[in-house]
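Listed below are the residues making up each chain.
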Amino acid sequence: MSSQPPEGKGHLPPTILDAFQQYTSQDAFSSRSLHPFASAPDDNVNALRKLLDTANQAALSLNSHISLPLSNPKLLSLYRQQTNISHAVQQADQNVRHIVSSLRKRAGITFGEDIPLERIHLPEWFLKRLLEWGSSAGMEAFNDPEQDGHSSVVLGGKVLVIDLDFVVDRKNSERPDVNVAACKTAYAIRNSTSTSSTGNSISLDGFLADAIRAFLREVQKDDTERDSVEAARLGHLLSEHFVYLMKLDHLAQSEGEGGLRWFTFIDRMSLEVEKLAGSEADALCRQESADKVPLDIFLLRSHALPLPYLTSPSISFLTYLSPLAYLKLLRTAPASAPVTNHLPKLDIPFQHLRSSLTSHPRPEGVTTATLVLSPTAPPAYHADSMSMSALDTRPSNSLVPNAADMEHVFPAAREAQGPQGQQFTWILDFTAGGKYPGVVMSQSRMHEVELVVNPFSGIDHVENVQVISFGTGSWVDLLLSSQSPISPERYTAVYTSPTSLHPPLQLRLTTPDEPGFVLESVPVRTLKEVWSILEIVREQCWLNETLMSCQWVPEGLNQDPANDTSEDTNVTEDDLQAVLKGTIKPRSIPVNVYLPAHAPADPLFGGADMDAFSLGGATPPRRARIVMTTPERPPISGLVEIGVTFDPARPRGVAVDVNGAMGVDLRVDVLEEVCRRGGLFGLPGRVWKKAHETL
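Since we're looking at a predicted model, the values are computed, not measured.

About the cut-offs
Residue numbers run consecutively from 1 along every chain, following the written order of its sequence. Selection of residues for local features in this predicted model requires a pLDDT of at least 70, selection of side-chain atom pairs for listing and counting requires 80 or more, and totals for whole chains, interfaces and linings are taken over all residues. Side-chain metrics in this entry use all non-hydrogen atoms of the structure; hydrogen atoms and water are not considered. A helix here means a DSSP run of H or I that spans at least four residues, while a strand means a run of E at least two residues long, and both kinds are numbered starting from the N terminus. A simple rule labels every residue: compare its accessible area, found with a 1.4 Å probe on the protein chains alone, to the largest value its type can have, and call it buried under 20%, exposed over 50%, or partly exposed in between. We call two residues contacting when some pair of their heavy atoms lies within 4.5 Å. The accessible surface values rely on the Shrake-Rupley method and a 1.4 Å probe; as for residues, cover is taken only from the protein chains in view. Two strands are counted as paired when DSSP detects at least two bridges linking them. Axis definition: a line fitted to C-alpha atoms, limited for helices to the stretch in contact. Angles are taken between N-to-C directions and run from 0 to 180 degrees. Remark: nonpolar core denotes a set of buried residues (Ala, Val, Leu, Ile, Met, Phe, Trp, Tyr, Cys) joined through side-chain atoms within 4.5 Å. Salt bridge criterion: a side-chain nitrogen from Lys or Arg within 4 Å of a carboxyl oxygen from Asp or Glu. Each pair of aromatic rings taken from Phe, Tyr and Trp, with Trp reduced to its six-membered ring, is defined by centres within 6.5 Å and is described as stacked if the planes are under 30 degrees apart, edge-to-face if over 60, and tilted in the remaining cases. Oblique is the label for any angle not covered by the other classes, which are roughly parallel (under 35 degrees), roughly antiparallel (over 145) and roughly perpendicular (65 to 115). In this scheme the handedness of a crossing depends on how the near helix is turned from the far one: anticlockwise by less than a right angle means left-handed, clockwise means right-handed. All residues other than Ala, Val, Leu, Ile, Met, Phe, Trp, Tyr, Cys, Pro, Asp, Glu, Lys and Arg, Gly among them, are scored as polar; the first ten of these are nonpolar and the last four charged.

K.L.:
Help me understand the overall build of the protein in this model?
P.N.:
The secondary structure content of the protein amounts to 17 helices and 18 strands. Counting every position in the protein, which comprises 695 residues, the buried fraction comes to 45%. Summarising the internal contacts of the protein: among those between residues at least 6 apart in sequence, 69% fall at separations of at least 24. Carbon and sulfur atoms provide 54% of the accessible area of the protein, an area that totals close to 37,100 Å².

K.L.:
Looking at this model, I keep getting lost on the sheet that holds strand E8 (residues 425–429). Mind explaining?
P.N.:
As a general point, the strands of a sheet are linked pairwise by backbone hydrogen bonds and lie either parallel or antiparallel. Strand order in the open sheet formed by 5 strands is E5-E6-E7-E8-E13, with antiparallel pairing between adjacent strands. Taken across any chain shown, the strands that pair with only one partner, and hence form the sheet edges, are strand E5 (305–308) and strand E13 (521–523). For this sheet the average axis-to-axis angle between neighbouring strands, irrespective of direction, equals 25°. As judged from the 5 bridges shared by strand E7 (residues 366–374) and E8, these two strands associate in the antiparallel manner. Bridge pairing links Thr370 to Asp429 in E8. Contacting E5, strand E6 (315–321), E7 and E8, helix H7 (residues 261–288) runs over the sheet at an angle of about 145° to E5. Its contacts with the sheet place helix H13 (residues 527–548) against E6, E7, E8 and E13, and it is angled at close to 30° to E6.

K.L.:
How should the nonpolar core be read in this particular structure?
P.N.:
A general feature of soluble globular proteins is that nonpolar side chains tend to end up buried together. Judged by nonpolar contacts, the single largest core of 154 residues is most densely connected at Leu295, Leu305 and Phe681. If near-sequence neighbours (up to four positions away) are discounted, Leu305 is found in contact with Ala277, Leu295, Phe298, Leu299, Ser316, Phe317, Leu318, Pro344, Leu346, Phe350 and Leu353.

K.L.:
Would you explain the sheet that holds strand E4 (residues 177–187) in this entry?
P.N.:
Pairing is antiparallel in the open sheet, where 4 strands are placed in the order E1-E2-E3-E4. Pairing within the sheet leaves two strands with one partner each, and these edge strands are strand E1 (140–143) and E4. For this sheet the average axis-to-axis angle between neighbouring strands, irrespective of direction, equals 15°. With 10 bridges connecting them, strand E3 (residues 160–169) and E4 associate as antiparallel partners. The residue bridging Val167 from the neighbouring strand is Asn179, located in E4. Most of the contacts of helix H4 (residues 122–136) go to strand E2 (residues 150–156), to which it runs at about 10°, and overall it touches E1, E2, E3 and E4. Across the sheet, helix H5 (residues 202–219) touches E3 and E4, and the angle it forms with E4 is around 155°.

K.L.:
Help me understand the environment of Leu534 in this model?
P.N.:
In this structure, Leu534 sits in helix H13. Assessed through its relative accessible area of 2%, Leu534 is described here as buried. The spatial distance from the C-alpha of Leu534 to the C-alpha of Phe317 is 8.5 Å, given a sequence separation of 217 residues.

K.L.:
Can you walk me through the pairing of strand E9 (residues 439–442) in this structure?
P.N.:
Note on strand geometry: in a regular strand, side chains alternate between the two faces of the sheet. Of the two faces of E9, the one carrying Val439 and Met441 and the one carrying Val440 and Ser442 are both buried. The pairing of E9 with strand E12 (residues 516–519) spans 4 bridges and is antiparallel. Looking at E12, one finds that Val440 is bridged to Val518.

K.L.:
Quick question: what am I supposed to make of the pattern of salt bridges here?
P.N.:
Pairing between side chains of opposite charge can happen when the charged atoms of each approach one another. Counting across every chain of the model gives 25 salt bridges. With its nearest N and O atoms 3.3 Å apart, the salt bridge here joins Asp210 to Arg213. Of this pair, Asp210 and Arg213 both sit in helix H5, 3 residues apart, which is roughly one turn of that helix. The partner of Glu230 in a salt bridge is Arg233, with the nearest N and O atoms 2.7 Å apart.

K.L.:
Please clarify how the packing of aromatic side chains should be interpreted in this entry.
P.N.:
Aromatic rings in a pair are described by how distant their centres are and how their planes are angled relative to each other. With the rule as written, the count across this model stands at 13 aromatic pairs. Ring centres of Phe207 and Tyr309 lie 6.0 Å apart, and the angle between their planes is 45°; this geometry places the pair in the tilted category. Of this pair, Phe207 sits in helix H5 while Tyr309 sits in the loop between E5 and E6, and the two are 102 residues apart along the sequence. For Tyr309, a relative accessible area of 6% gives the class buried.

K.L.:
Mind showing me how you'd approach the packing of H4 against helix H6 (residues 228–255) here?
P.N.:
Think of two packed helices as two axes; the pair is described by the angle between the axes and how far apart they sit. Between H4 and H6, whose axes approach to 8 Å, the crossing angle comes to 40°. In this view, H4 runs oblique relative to H6, as classed from their interaxial angle. The element H4 and its partner H6 pack so that their crossing is right-handed. Residues Leu130, Trp133, Gly134 and Ser136 of H4 pack against Gly235, Leu238, Ser239 and Phe242 of H6. Tallied by class, the residues present in the contact of H4 with H6 amount to 4 nonpolar, 4 polar and no charged.

Next comes the structure, spelled out in structure tokens:
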């Protein structure tokens, strides 16, 4: 009589091959999730732990079979045959599973919304869909029948109640029109005082109303203009908002008295950070002697721009805009827009800015971060509540003297657990909920981010250890050619002046010997941590977008037309004299580009930094810098070195220094303005032009 083996956590599959086969799939491990600031940092760790357990159990199993006599050749042959067959079957099954999984995870593949073909049925269909979204999020949904052209829907959790009023225009009976008349939220906690059970968020009311109106506008378009896929995307976003609000609802209910802070603290913090942004904008206006400050200068010189309820029922921060993205915003902005007193005085109207940032797809060159509550367990270092303000060297903005005193500690979700014991953590998300890739970061700046959230982390002591970069030898490779299997030492590009001010510049970029990572989300606890992280990310984005302004290719893989000497060239005496005098116009100007890498130092136990720490001082942050070298004008020998450093203290957010170019009259403020407008790599050409004007 046979008995079934007991099932347990350590039970092995029937064969060792089955045990290891699951770890050979292409998606078993993710090369982008091997650091703590990925979207799912624990997935690879858990998979590696399971692999170690499987290897230990397989070793025990093999050791137990060593003593078995296997002298029968036919039995060994059958074993080999069975293993080959099992491997082929499992490989085929694995390939099929991988194909199915890849098809399901395709980005941007969405089935269209099932909109009624007959417009007369659209009001009833919409109200039904709204009730379905609320019910799927865990809300209790109620709908009052339509009376006198009005219909109401109530969506409620344990604490949150959303009251929606719709107006149905049936003047054209064949084409009824539905619109949001009112949206009001209310909070109520059982067995609590009246002061903690009343109130609503006007910002949240407007955010939900705008999300519903966007869906209604799309589904009520004419058949030739209506996009069912876009309608499905908008409906999915609205459903995600309801799910997120129900997370807050459960935490507020489980906390009891005082649980409304989960809904109200975003509004309170938003008012203060918007007031700070307004003060910084006023300070810049006084420096510029202008009524409004350009948005790009504001982002370079001040804190990130707060945008409450931009893409979710939380707060987002506009961290960086590329020069091209800012130019597009500026050209499409309306000529006149209403002025809001409590918002910063910027040259881009906020309504136009918010509509552009929420468009799909998001404009290129835009970096935003959103503070959201994620259903993940808090990191272990969050258990330590020790204040580390003495170690803070960021943020370093000094436009407003009392900006460093502003602090908000986010509600802790360690004790308040969700359904099935689920824990929550506040994270700063750079992917818009996984819809966009994160920010490519160099290793040194990832160290800085790590030290912001965990100053006593041991990650900063690995500078002498060789880091495996998984196919990319530099963070520049991850930025410029993430899909390329090679890791070139240099990249080349051609920079052509839009006004033909100078000959084409043959750029030659030497990649720094520093690995890169993709920053996706960071667990945070306070507003100071958010400011510090965004300041670090802003510098990296300035580097990234500056590099992305040119079309770089690995050196040696292309033949640039500027270097083509196949055409017939007749050298004359005048050409020879022009070469001797240095007045000849070259086919192209060679420019070497370098990105100085800052080796990660130990800010706690290092020499110079330790001295600063012991004296109570703060080490100034290492700023991002781009260095370009180009030959001096003939007959002068040597090189001209042009350095551009990210510097929020300068009027244009960058500092330009030129070494060489003797006798050339260069205005640094003009060069800094050129960098602000995206012409950083054209500076060597401008220096060449000025040098030849003096001849």
